[in-house]
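Residue-level listing of the chains:
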Amino acid sequence: MQVKSSLQARESVLFVMQSASTANVSTLNRSLEWFGDLGTFSWNVIRASVTKPFEFREIVRQLDEIGSKSLPLVACAGAAVGAVLALESRHSLARFGATSMLPAAIVFSVIHEMGPVVTGLVVAGRVGAGIGAELGSMKVTEQIDAIEASAVNPFKLLAVTRILACIIALPLLTLAADFFGVLTGWVAATLVDPITLHRFVMKGFAGASFSDFLAPTFRTAVFGLIIGLVACFQGMRTEGGTEGVGRSTTSAVVLSSLFVILADVVLVKLILVLFP
Amino acid sequence: MSQSILIPARESNDRANANPAAESVVALRDVHKSYGAQKVVDGISLTVNRGETLAVLGRSGTGKSVLLRLIIGLQKPDSGSIAIHGQETASLGLDQMNLLRVKMGFLFQQAALYDSLTVEQNISFPLERHTNMSKAERAGRVKELLASVGMESALDKMPSDISGGMKKRVGLARALALRPDILLLDEPTAGLDPITSGEIDELILKLQEENNMASIVVTHDLLSAKTIADRIALLDKGKVAIEGSFEDLAASKDEFVTEFFKRDS
C-alpha cells in the first residue's frame, strides 16, 4: 500500500516537473520568437530610414506630439524629483555635517541619474502608450494595410518618424527635467536654509565637467530609440481587435519601461568606463 | 424565385466572356493560401479583363477578402502565381510592387480612412505621394473626386464625423484618386441599408463606365453582384465552385449554388 502511494507521489512530481518544463520551453520559444520578430522589424525600419522620400513633415508633427506634449509631465516629474532629493538629502547629509554639499548632491543626482531615468520612464509611459494604442488601432482597422495598398511604406511613415522623434525629443526633455529638478531643488533647499539661486548653482556645478552633463543627457537618446522601437513594434503587430489594442498598449508601456531600466544599467557602466 | 433574380442583370454581362482576346489585367493561377492548418484559398484560378467587373461571392471565411489582399500584395500566396498587367508579383521587389499598387485602387471593408486626417487629406494622401501635382491641383482633384461620389460637403470633416455609407464613398474616392486601372472592392455595401447600398452600386457602375477599369468586387450581396458585375465567381471552401454570368449561376442545378441563391434571396 505504502509502495503504491509512493509511486503515485513520484508520478505526480514527475508530471508537475514535465508541465513546468513544457511551460518554460514554451515561454522561451515565445521570447525568442519575439526577439526574432523585433530584429526583422528593426531591419525594415533601418532600410526604410535610409531611402527617399523622407517624411520631414510627419517627423515635425511627431516631435510636437512626442516632445512638446510630454514637456509639462516631464517638467512636473523633474520638479518633484528635485524637491524630494533636496528634502531627503538634507537629512542624510546633516548626519555627517555635510549640508554644505547639498547643492552638489542635488545637481549631480539630477543630471547624472534622476533626470534621465525619470524622463525615460515618464516618456515610456506617456508616449509608449500613445504609440502602442494609435498604431494598434490603425492595424486592427486596416489603416496600416491601406497605407501599404497606397504604395507607401508604413515602416517609413509610421515607425521611422516616431522613432526619430523619440530619439531627438528625449535629450531635450531631459534638459527640461534637469532644469526643473535643479530649480525646485533650490526652492526646497532655500525654504529650510536660505541660499541664493546664483550661489546654489555655483556650488552645485563647481565640480562638474562637461562630460558629467553630456553623456547622461545623450544616454536618453538610446532610451528614445528603445521607447520608439518597442512601442511601434508592439503597435504594428497588434492582432485581435480592440482587446488586442489594449494588450499592445500595455505591453508597449511595460516592455519599453523595462528595457529603459535595463539599458540604463548597461549605459551607466559604459559611461563610467568611457568617461571616468 | 427571389426578387433579386427578377431585377434585370447588367446588359454587358457577357461582354468580357464574349471577347477571349480581351486584355487580361489580373490573372490568378492555382493560388493557394493557408493559415496554419486551415486552407483559405485552395487552388483558385481567375482572370479579369480591362473594363470587366468580376464579383466574388461566397460564404464567410471562404477566402474572398484574402484573394484581394493577395492581389494587391498585402499577403503572399503559399503557391501559385498572380500576374498584374502580365507581371508576376511573386518575383517583384517592394519598389516594383509599389509601381503596380499605384495602378490599383482598394476599398477596404470598413473603408479604412485615416483617423487623424480630414476627408480632404485622406483623398489627397496618395496624390501627395505619387504625383507632382501642386497644392491647388490636388485640391481641385480632391473636389472633383468628392463630387463624383456625392460628398462635396464633407471636405473638412473627420472620418469619425461621417456615417458608414459616407465613409465607403470617401474610401471609394480615395481608391480612385490615382486613376487606377484595377479597382478592388471589399464588400462595398456590407452593413449599409438597402437604399445606400443601391446608391453605392450605382456609383460603382458609373465610375466603372467612366474609367474603364478592371474591377473585382467581393460581396455577400447577390443583388449588388447582379447590378454591378459582368461575371460572378462563387467560392466554396477556398475553391471556385462556379463561374459565369448571373444567369448562368441562377440556372445552375448545383446544390451549393442553388442553396446559396435561395439563402441569399
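Bear in mind that the values here come from a model prediction, so they are computed numbers and not experimental data. (Residues numbered from 1 in each chain as written. Chains lettered and ligands numbered in written order. Predicted model: local features only at pLDDT ≥ 70, side-chain atom pairs only at ≥ 80, totals over all residues.)

Below, the discussion takes up the overall build of chain A. Of the regular secondary structure elements, chain A holds 9 helices and 0 strands. A compact globule built from 276 residues would reach a C-alpha radius of gyration of about 19 Å, whereas chain A, at 24 Å, exceeds it by more than 25%. Counting over 276 residues, chain A shows a buried share of 44%. Counting contacts in chain A only where the partners sit at least 6 residues apart, residues at least 24 apart contribute 88% of the total. (Helix = DSSP H or I, 4+ residues; strand = E, 2+ residues; numbered from the N terminus. Rg over C-alpha atoms; globule rule 2.2 N^0.38 Å. Buried ≥ 20, exposed ≤ 12 C-beta atoms within 10 Å, placed from the backbone. Contact = placed C-beta atoms within 7 Å.)

What follows covers the sheet that holds strand E2 (residues 38-49) of chain B. Spatially, the 4 strands line up as an open sheet ordered E2-E1-E4-E5 (chain B), and their pairing is antiparallel. Edge strands, defined here as strands with exactly one partner in the open sheet, are E2 and strand E5 (87-88) of chain B. (Pairing = 2+ DSSP bridges.)

What follows is about the confidence of the model for chain A. Chain-level pLDDT for chain A is 89 on average; 97% of the residues reach the 70-or-more range. Averaged over each element, pLDDT in chain A is lowest for helix H1 (residues 2-49) of chain A (81) and highest for helix H5 (residues 143-149) of chain A (95). (pLDDT = per-residue confidence, 0-100.)

Another aspect to go through is the confidence of the model for chain B. All names here are of chain B. Averaged over chain B, the pLDDT score is 84; the fraction of residues at 70 or greater is 91%. Note that pLDDT drops below 50 for residues 1-21; the model gives that stretch 29 contacts with residues more than four away or on any other chain. What the predictor reports for the complex is a pTM of 0.83 with an ipTM of 0.84.

Moving on: the interface of chain B and chain A. On the side of chain A, 10 residues touch chain B, which itself brings 15 residues to the contact. Broken down by secondary-structure element, the contributors of at least two residues to the side of chain B that touches chain A are helix H4 (94-101) and helix H5 (119-130) of chain B. Across the side of chain B that touches chain A, the residue classes tally to 9 nonpolar, 3 polar and 3 charged. (Nonpolar A, V, L, I, M, F, W, Y, C, P; charged D, E, K, R; others polar.)

Moving on: the domain arrangement of chain A. Residues and elements named next belong to chain A. Under the domain assignment used here, chain A contains domain 1 (1-51) and domain 2 (55-274). Distance between the C-alpha centres of domain 1 and domain 2: 33 Å. Opposite the 8 residues of domain 1 that make contact, domain 2 presents 9 residues. Across the side of domain 1 that touches domain 2, the residue classes tally to 4 nonpolar, 3 polar and 1 charged. (Domains from an automatic or database assignment.)

Turning next to the nonpolar core. With 140 residues, the main nonpolar core has Ile227 and Cys232 of chain A together with Val56, Ala173 and Leu184 of chain B as its most contacted residues. With 21 residues, helix H6 (residues 154-192) of chain A is the largest single contributor of residues to this core. When neighbours within four sequence positions are excluded, Val56 of chain B is seen to be in contact with Lys64, Leu67, Ile216, Val217, Val218, Ala233 and Leu235 of chain B. (Core = buried A, V, L, I, M, F, W, Y, C linked by C-beta atoms within 7 Å.)

Bringing the packing of helix H3 (residues 71-95) of chain A against H6 of chain A into the picture now. All names here are of chain A. One way to put it is that H3 packs onto H6 with a least axis distance of 7 Å and a crossing angle of 35°. With respect to the hand of their crossing, H3 and H6 are arranged in right-handed fashion. The residue inventory of the contact of H3 with H6, partitioned by class, reads 20 nonpolar, 5 polar and 2 charged. (Axes fitted to C-alpha atoms, helices over the stretch in contact; angles between N-to-C directions. Left-handed = near helix turned anticlockwise from the far one by under 90°.)

Residue and element names in this part refer to chain B. Spatial strand order, E6-E7-E8-E3-E9-E10: 6 strands in an open sheet with mixed pairing. Whereas interior strands pair on both sides, the edge strands pair on one side only; in this sheet they are strand E6 (104-107) and strand E10 (239-244). Looking at each pair of strands side by side, their axes are set apart by 15° on average, direction ignored.

Here Lys52 of chain A and Pro53 of chain A are connected by a cis peptide whose omega angle stands at 0°. Positionally, Pro53 of chain A belongs in the loop between H1 and helix H2 (56-66). One non-glycine residue, Arg179 of chain B, adopts positive backbone phi at about 50°. Looking at the secondary structure, you find Arg179 of chain B in the loop between helix H7 (164-175) and strand E7 (182-186). Take Arg179 of chain B: there are 12 C-beta atoms within 10 Å of it, and that puts it in the exposed class. Positive phi, normally seen in glycine, also occurs at Lys237 of chain B, with a value near 50°. On the secondary structure map, Lys237 of chain B appears in the loop between strand E9 (231-236) and E10.

Residue and element names in this part refer to chain B. Within strand E3 (residues 53-58), 6 of the 6 residues are buried, which leaves the element mostly enclosed by the surrounding structure. Here E3 shows two buried faces, one formed by Thr53, Ala55 and Leu57 and the other by Leu54, Val56 and Gly58. Of the pairings in the sheet, the one linking E3 to strand E8 (residues 214-218) comprises 4 bridges and is parallel in character. Counterpart to Val56 in the pairing with E8 is Val218.

Residue and element names in this part refer to chain A. Relative to the helices and strands, Phe205 is located in helix H7 (residues 197-205). Residue class for Phe205 comes out partly exposed when judged on the 17 C-beta atoms lying within 10 Å of it. Sequence separation of Phe205 and Pro103 is 102 residues, and the distance between their C-alpha atoms is 8.2 Å.

We now examine H7 of chain B. Residues separated by three or four positions in an α-helix point in the same direction, a consequence of the helix having 3.6 residues per turn. Residue and element names in this part refer to chain B. Here H7 spans 16 Å end to end across 12 residues, near enough to the 16 Å set by a 1.5 Å rise per residue. When you tally the buried positions in H7, you get 10 out of 12 residues, the bulk of the element. Packing partners of the buried residues in H7 comprise E6, H5, helix H6 (135-148), E7 and helix H8 (194-211). (Expected span 1.5 Å × (residues − 1).)

Here we come to the packing of H2 of chain A against H6 of chain A. Residues and elements named next belong to chain A. Packing of H2 against H6 brings their axes to within 8 Å, and their N-to-C directions diverge by 50°. Of the possible angle classes, the one that applies to H2 and H6 is oblique. The interaxial crossing formed by H2 with H6 has right-handed handedness. On the side of H2, the interface is formed by Glu58, Ile59, Gln62, Leu63 and Ile66, while H6 contributes Leu157, Thr161, Arg162, Leu164, Ala165, Cys166, Ile168 and Ala169. Residue composition of the contact of H2 with H6, grouped by class: 9 nonpolar, 2 polar and 2 charged. (Parallel < 35°, antiparallel > 145°, perpendicular 65-115°, else oblique.)

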